[in-house]
Amino acid sequence: MEQLSCAAIQFNITPGYIDGNLDKALCALRRVAEQGAELAVLPEMWSSGYDYRNLAALAQETPRVLERLCKEAEQLQLVIVGSLPEADNNGLTYNSSYVVDRGVLKGSYRKLHLFSAMHEDRYLTQGNQAVVVDSSVGKLGLAICYDLRFPELFRKLALAGAEIVCLPAEWPKPRQEHWNILLRARAIENQLFVVAANCCGIQGKLDFFGCSQLISPLGRVLAIAAEEETELVSEFDFSEMLEYRKRIDILNDRRADIYGTP
């Protein structure tokens, strides 16, 4: 595969309103599929938002949401990535990103880095594994929001063969400049594509700026959103990525003997 059409979906998540958020996401997925998208990334906790007090109960609805998403992905022939609350058999709740590949649940990733400044660690359990999913559109590295601040994770994903990192997020003002810089840095330093889907709008005291982006391995911003609800679609050129990696062999030139392997 040399060319791939990818999408980032940005919308205002209504905390706790699963059916409304699901309807909004499905409508957006249909629109990007009509534009030819083969991979679509939804925001972080897109079904529920950070409704902390009800998060455990909302996580019980995630299997139903995933079932509906699988049906839509099969019908649209899409690979869909997005973060949802996950309940395990021990009563713990995770922030988990799922990969639905044309109707099949191919893999999932539990957020490694919980944002203690917003008390995520009080309500959620951190994951313990980096994940790359071998999908029908390529090798997808998974990360979620605050993970963006930890370059070690992205390097580990690159070393594991990731070609595209899918990053659902709820990244609020006033840290937009950090978002812009770090997205490009993660793409450049690991020579891979990044699809970052942020939410937008106001949730309680938080104002989300959107600014979802699709970024090339050379750090070019191929598409960028403003603050309103929207969908971005752009083409990824894998031959460009392979040529860049061949010309500047960052991963092979690493000094793991000095600073180790993530």
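Only a predicted model underlies this, so the values are computations on that prediction, with no experimental measurement involved. (Residues numbered from 1 in each chain as written. Predicted model: local features only at pLDDT ≥ 70, side-chain atom pairs only at ≥ 80, totals over all residues. Heavy atoms only, no water.)

**A short note on the nonpolar core**
The biggest cluster of nonpolar side chains holds 50 residues, and the ones touching the most others in it are Leu39, Leu140, Ile164, Trp179 and Phe236. In contact with Ile164, not counting residues within four places along its chain, are Leu4, Cys6, Leu39, Val137, Lys139, Leu140, Gly141, Phe193, Val195, Phe236 and Phe238. Counting residues in hydrophobic clusters, the runner-up holds 28 residues, among them Val32, Ala40, Trp46 and Phe208. (Core = buried A, V, L, I, M, F, W, Y, C linked by side-chain atoms within 4.5 Å. Buried < 20%, exposed > 50% of the residue type's maximum accessible area, 1.4 Å probe, protein only. Contact = heavy atoms within 4.5 Å.)

**Here we look at the environment of Lys205**
Mapped onto the fold, Lys205 is located in the loop between β10 (200-203) and β11 (206-209). Under the relative-accessibility criterion, Lys205 is labelled exposed at 87%. In this structure, the C-alpha to C-alpha distance between Lys205 and Pro262, residues 57 residues apart in sequence, is 36 Å. (Helix = DSSP H or I, 4+ residues; strand = E, 2+ residues; numbered from the N terminus.)

**Thoughts on the side chain of Arg155**
Mapped onto the elements of the fold, Arg155 is located in helix α5 (residues 151-159). No salt bridge is formed by the buried Arg155. Its closest oppositely charged neighbour is Glu189, at 5.6 Å. Within the local environment of Arg155, its side chain forms a polar contact with the backbone oxygen of Glu189, the two atoms lying 2.6 Å apart. The residues contacting Arg155, other than those within four sequence positions of it, are Glu189, Asn190, Ile250, Leu251, Arg254 and Pro262. (Lys, Arg positive; Asp, Glu negative; His and termini not counted. Salt bridge = Lys/Arg side-chain N within 4 Å of Asp/Glu carboxyl O. Polar contact = N/O pair within 3.5 Å; in protein donor to acceptor, adjacent residues only side chain to side chain.)

**Observations regarding the packing of α5 against helix α6 (residues 176-190)**
In contact at an axis separation of 10 Å, α5 and α6 are set at 40° when each is read in the N-to-C sense. Crossing of α5 over α6 shows right-handed handedness. Of α6, the residues touching α5 (which contributes Pro151, Phe154, Arg155 and Ala158) are Arg186, Glu189 and Asn190. (Axes fitted to C-alpha atoms, helices over the stretch in contact; angles between N-to-C directions. Left-handed = near helix turned anticlockwise from the far one by under 90°.)

**Observations regarding the sheet that holds strand β5 (residues 104-110)**
In a beta sheet, neighbouring strands are held together by backbone hydrogen bonds and run either parallel or antiparallel to one another. Strands sit in the order β5-β4-β3-β2-β1-β14 across an open sheet of 6 strands; the sheet is mixed. Pairing within the sheet leaves two strands with one partner each, and these edge strands are β5 and β14 (230-237). Neighbouring strand axes in the sheet, compared pairwise and without regard to direction, differ in orientation by 25° on average. Across the sheet, helix α7 (residues 238-247) is in contact with β1 (3-10) and β14; its angle to β14 comes to roughly 55°. (Pairing = 2+ DSSP bridges.)

**Re the pairing of β10**
Along a regular strand, successive side chains alternate from one face of the sheet to the other. Pairing of β10 with β11 involves 4 bridges; the strand directions are antiparallel. Of the residues in β11, the one forming a bridge with Cys200 is Phe209. Here β10 folds back onto β11, and the loop between the two strands holds 2 residues, one of which, Gly204, carries a positive phi near 60°.

**Remarks on the pattern of salt bridges**
All told, the structure shown has 18 salt bridges when counted by the stated rule. Between Glu227 and Lys173 there is a salt bridge, and its shortest N-O distance comes to 3.3 Å. With Glu227 in the loop between β13 (221-224) and β14 and Lys173 in the loop between β8 (164-169) and α6, this pair connects stretches of sequence that are 54 residues apart. The class of Glu227 is partly exposed, set by a relative accessible area of 40%.

**Description of helix α3 (residues 62-76)**
Residues three or four positions apart in an α-helix share a direction because the helix packs 3.6 residues into each turn. Between its first and last C-alpha atoms α3 spans 21 Å; for 15 residues at 1.5 Å apiece the expected length is 21 Å, and the two agree. Taken as a whole, α3 has its buried residues at Thr62, Val65, Leu66, Leu69, Cys70, Glu72 and Ala73. Check the buried side of α3 and you find it contacts α1 (18-34), α2 (55-59), β3 (79-87), β4 (93-101) and β5. Backbone geometry just after α3 places Gln77 at a positive phi near 55°. (Expected span 1.5 Å × (residues − 1).)

**Observations concerning unusual backbone geometry**
Going from Lys173 to Pro174, the amide bond is cis rather than trans, its omega being 10°. Among the secondary structure elements, Pro174 is positioned in the loop between β8 and α6. The phi dihedral of Met45 is positive, around 50°, even though this residue is not glycine. By the secondary structure assignment, Met45 is in the loop between β2 (39-41) and α2. We note that Gln77 has phi near 55°; this positive angle belongs to a residue other than glycine. Structurally, Gln77 is set in the loop between α3 and β3.

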